[in-house]
Amino acid sequence: MTDAKPGAKNSVTLTDNRTGRSWEFPVLDGSIGPSVIDIRKLYAETGSFTYDPGYTSTGSCESKITFIDGEAGILRHRGYAIEDLAEHSDFMEVCYLLLHGDLPNAEQKAKFVHDITYHTMVHEQLQYLYRGFRRDAHPMAVMVGVVGALSAFYHDSTDIADPHQRMIASHRLIAKMPTIAAMAFKYSLGQPFVYPKNDLSYAANFLSMCFTVPCEPYVVNPVLAKAMDRIFILHADHEQNASTSTVRMAGSSGANPFACIAAGIASLWGPAHGGANEAVLRMLGEIRTKDRIPEFIKRAKDKNDPFRLMGFGHRVYKNYDPRAAVMRRTCYEVLEELGKKNEPLLDLALELERIALDDEYFVERKLYPNVDFYSGIILQAMGFPTSIFTVLFAVARTVGWIAQWKEMVEDPEQRIGRPRQLYTGHAKRDFVPIDKRG
Ligand code: SDX
């Protein structure tokens, strides 16, 4: 029998109607949000697995980092609302919060910013890795390759059992991702790489490495730097999403943090996940004019048509994604600053959102704009090509991935991830020599 007492308040009873047998399983309560049924002994006790493709009803771990209430459209990092962090904090503070659990005081912040700043350079040999790629390679392919190779350069921070090495690897990844991303962008343009500058903020440094050319000085626009910093905050972490779960799964085998983050980048690339921001721009480009919106809304509802309204819907949010609301406000700020406030793409997106939110199909399924719906419009206005959008998402999400990885490595309950299956293939067949096969 499991630990829970039959009929105990903090348990559930499972009865197998085929045999009449019953089992008790403990219910574990979090600080807020849904409780979980602890089924770790289910297979040993019942001989059955659970079945939950896509893990819609499965908690994979215990975490203290991010809380989402999808019905209410709530996102909090260590208890702080994303709206407050986006409005009053900055990305370095949010990185510290995700990694260490509290907002830093002035002294802690100064030291953290210094530590990150002085890790932004990459090993000089790393630049030769880029030359193995065609110039027109998708920058996400470059990111997966280069980040995966980091363990070859920073082998002294791959012993995951050493807390000091875990922290150094975390700092290196947070610090070097903008440099690596900017190098991927420059490589795609055929422009020379730009070294980080220690006198610039994290977001300003990233813009400088992306847009500086040798022929003239580049002065970072503070409004754009602030918008970039806020976009990093909005993408920093998001509970156990596909890419974070990939990082945790890779890390559960003891793989080094660089390899785990490369796995997260690979997962984020998918159009159903982080690749959606790029897909939104492609979709808006295909729709082109407001009068064609109904045709695309119709296609999005047609089960025989693979077309989805990109930037809409979410596995967890059945309300407006709180990040999308902040992103939309940021969109207005950036377009205003750049003198593009009548940007046709924004107009089209707003009209598409208005029509979709009024349509029974989307209302019934609680499909709202998500974080990706407006981000691409801002990034394109700032001068980034669509192929770089998901790279920026990966830069921002690295702190979330590494905070979740660190929490997993330090969690005594965590073991190697090894799900089972419902097998529906051939039960058993005898081998047939090739001359006897049909
Ligand atoms: C991110 O998990 C995270 O937290 C991710 C993320 C993060 O920060 O890490 O928030 C970032 O990935 C945001 C999501 C970006 N992806 C997109 O914008 C792509 C378009 N969205 C869909 O592909 C979809 O909404 C998902 C993948 C986001 C969610 O898929 P689910 O939860 O599996 O939803 P579903 O497929 O079960 O949809 C339920 C219904 C279905 O219709 P019925 O079968 O009930 O008739 O809604 C429909 C779906 O067909 N539906 C859509 C739709 N999304 C869902 N129909 C049209 N257009 C859409 N976008």
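Rules behind the numbers
Each chain carries its own residue numbering, running from 1 in the written order of its sequence. Reporting of local features is limited, given that this is a predicted model, to residues whose pLDDT is at least 70; pairs of side-chain atoms are given and counted only at 80 or more, and all residues count toward the totals for whole chains, interfaces and linings. Heavy atoms from the whole structure form the basis of all side-chain values; hydrogens and water molecules are not counted. When at least one non-hydrogen atom of a residue lies within 4 Å of a molecule or strand, that residue is treated as near it. Polar contacts, as counted here, are pairs of nitrogen or oxygen atoms within 3.5 Å of one another; within protein the pair requires one atom able to donate a hydrogen and one able to accept it, and residues that are adjacent in sequence qualify only if both atoms are side-chain atoms. Using a 1.4 Å probe, accessible areas were evaluated by the Shrake-Rupley method; residue-level cover was limited to the displayed protein chains. Residues are grouped as follows: Ala, Val, Leu, Ile, Met, Phe, Trp, Tyr, Cys and Pro are nonpolar; Asp, Glu, Lys and Arg are charged; all remaining types, including Gly, are polar. Exposed residues in this analysis have more than 50% of their type's maximum accessible area, buried residues have under 20%, and partly exposed residues fall in between, with area computed by a 1.4 Å probe over protein chains only. By definition, any uninterrupted DSSP run of H or I lasting at least four residues is a helix, any uninterrupted run of E lasting at least two residues is a strand, and each is numbered from the N terminus. In short, DSSP must find at least two bridges between two strands for them to pair. Multiply 1.5 Å by the residue count of a helix minus one, and that product is the helix's expected span. In this analysis the probe radius is 1.4 Å and the grid spacing 1 Å, with only protein atoms considered; a cavity is a set of points the probe fits into but cannot get out of, a pocket is an open set with protein on both sides within 12 Å along at least five of seven lines, and lining residues have an atom within 4 Å of a point. Grid points are joined across faces, edges and corners, and a volume is the space filled by probe spheres set on the points. We define the nonpolar core as a collection of buried residues of types Ala, Val, Leu, Ile, Met, Phe, Trp, Tyr and Cys that are connected through side-chain atoms lying within 4.5 Å of one another. Only heavy atoms enter the contact rule, under which two residues are in contact if any of them lie within 4.5 Å. An axis is simply a line fitted to the C-alpha atoms; with a helix, the fit covers only the stretch in contact. Between two such axes, the angle follows the N-to-C directions and lies from 0 to 180 degrees. By the definition adopted for this analysis, an angle is roughly parallel if under 35 degrees, roughly antiparallel if over 145, roughly perpendicular if from 65 to 115, and oblique otherwise. Any Lys or Arg side-chain nitrogen located within 4 Å of an Asp or Glu carboxyl oxygen qualifies as a salt bridge. Here a Phe, Tyr or Trp ring, Trp counted by its six-membered ring, pairs with any other such ring whose centre lies within 6.5 Å, and the pair is stacked when the planes are under 30 degrees apart, edge-to-face when over 60, and tilted otherwise. In this scheme, Lys NZ or Arg CZ marks a charge over a ring once it lies within 6 Å of the ring centre and within 35 degrees of the ring normal.

(A) Structural detail: the site of the ligand. Near the ligand lie 24 residues; those nearest to it are His 238, His 314, Arg 315, Arg 323 and Arg 397. Take Phe 312: an N or O atom from its main chain is 2.9 Å from a nitrogen atom of the ligand. At 3.0 Å, a side-chain N or O of Tyr 361 approaches a nitrogen atom of the ligand. Its free accessible area being 1100 Å², the ligand has 77% of it covered by the protein chains. Considering only residue class, the shell around the ligand consists of ten nonpolar, seven polar and seven charged.

(B) A look at the pairing of strand 5 (residues 74-77). Residues of strand 5 alternate between two faces, with Leu 75 and His 77 buried on one and Ile 74 and Arg 76 left unburied on the opposite face. From the end of strand 4 (residues 66-69) to the start of strand 5, which pair antiparallel, there are four residues, and Gly 73 there has a positive phi angle of about 70°. Here two bridges tie strand 5 to strand 6 (residues 80-81), and the two strands are oriented antiparallel to one another. For Arg 76, the partnering residue across the bridge sits in strand 6 and is Ala 81. The antiparallel hairpin formed by strand 5 and strand 6 contains two residues in its connecting segment, where Arg 78 sits at a positive phi of about 50°.

(C) Representation of helix 14 (residues 322-337). Taking 1.5 Å of rise per residue, the 16 residues of helix 14 would be expected to cover 22 Å, and the 23 Å separating its terminal C-alpha atoms lies within 8% of that figure. Downstream of helix 14 by one or two residues, Gly 339 has phi in the positive range, about 65°.

(D) Representation of the sheet that holds strand 3 (residues 36-37) within the structure. The three strands lie next to each other as 1-2-3, forming an open sheet whose pairing is antiparallel. The open sheet terminates on both sides in strands that have one partner only, identified here as strand 1 (11-15) and strand 3. Sheet topology places strand 1 next to strand 2 (residues 22-28); five bridges connect them, and they run antiparallel. Bridging across to strand 2, Thr 13 finds its partner in Glu 24.

(E) Main features of the layout of surface pockets. In this structure, the second largest pocket occupies an estimated 210 Å³ of space. In terms of lining, the second largest pocket is formed by 19 residues, of which the most central are Met 92, Val 113, Leu 200, Ser 201 and Tyr 202. It is helix 4 (residues 106-117) that contributes the most residues to the lining of the second largest pocket, four residues altogether.

(F) Examining the side chain of Ser 11 more closely. With respect to the helices, strands and loops of the structure, Ser 11 is situated in strand 1. Polar contacts involving the side chain of Ser 11 include one to the side chain of Glu 24, which spans 2.9 Å.

(G) Molecular detail of the pairing of strand 4. In this structure, strand 4 lies alongside strand 5, joined through four bridges in antiparallel fashion. Of the residues in strand 5, the one forming a bridge with Phe 67 is Arg 76.

(H) Spotlight on the nonpolar core. The biggest cluster of nonpolar side chains holds 120 residues, and the ones touching the most others in it are Val 147, Met 228, Leu 309, Ile 377 and Phe 384. The greatest single-element share of this core, amounting to 13 residues, is contributed by helix 18 (residues 389-409). The residues touching Phe 384, leaving out its near neighbours within four places in the chain, are Phe 185, Phe 206, Leu 207, Cys 210, Phe 211, Met 228, Leu 379, Phe 389 and Leu 392.

(I) Expanded view of the packing of helix 15 (residues 344-356) against helix 17 (residues 372-381). Running from N to C, helix 15 and helix 17 point in directions that differ by 175°, and their axes come no closer than 10 Å. Overall, the two elements helix 15 and helix 17 adopt an arrangement that is roughly antiparallel. Counted together, Leu 345, Leu 346, Ala 349, Leu 350, Leu 352 and Glu 353 of helix 15 and Phe 373, Tyr 374, Ile 377 and Gln 380 of helix 17 form the full contact between these two elements. Among the residues making up the contact of helix 15 with helix 17, the classes are represented as eight nonpolar, one polar and one charged.

(J) Just the side chain of His 119, in detail. Tracing the backbone through its elements, the reader meets His 119 in the loop between helix 4 and helix 5 (127-130). Setting aside residues no more than four positions away along its own chain, His 119 makes contact with His 171, Arg 172, Ala 175 and Lys 176.

(K) How the structure looks around the pattern of salt bridges. For the structure on display, the rule yields 25 salt bridges. Among the ionic pairs, Arg 299 bridges to Glu 286, the shortest N-O distance being 3.5 Å. Separated by 13 residues along the polypeptide, Arg 299 in helix 13 (residues 293-301) and Glu 286 in helix 12 (residues 276-287) bring together distant segments of the chain. Take Glu 286: its relative accessible area is 38%, and that puts it in the partly exposed class. For Glu 351, the salt bridge identified is with Arg 354, shortest N-O distance 2.8 Å. Of the two residues, Glu 351 and Arg 354 are both situated in helix 15; the distance of three residues between them amounts to about one turn of the helix. On the basis of relative accessibility, which here comes to 48%, the residue Arg 354 falls in the partly exposed class.

(L) Focus on the sheet that holds strand 5. A sheet is described by the order of its strands in space; here three strands give the open sequence 4-5-6, paired in antiparallel fashion. Strands at the two margins of the open sheet, each flanked by one partner only, are strand 4 and strand 6.

(M) A look at the environment of Ala 266. Tracing the chain through its elements places Ala 266 in helix 11 (residues 257-268). A C-alpha to C-alpha distance of 6.1 Å links Ala 266 and Val 144, two positions 122 residues apart in sequence.

(N) Highlighting the packing of aromatic side chains. Evaluated as defined, the whole model comprises 20 aromatic pairs. Ring geometry for Phe 185 versus Phe 384: centroids 5.9 Å apart, planes at 50°, classification tilted. On the criterion of sequence distance, the pair formed by Phe 185 in helix 7 (residues 163-189) and Phe 384 in the loop between helix 17 and helix 18 is long-range, its members being 199 residues apart. By the ring-pair criterion, three or more aromatic residues cluster together here, those being Phe 91, Phe 185, Tyr 202, Phe 206, Phe 211, Tyr 218, Phe 232 and Phe 384. Here the guanidinium or amino end of Arg 420 rests over the ring plane of Tyr 43, the centre of that ring lying 6.0 Å away.

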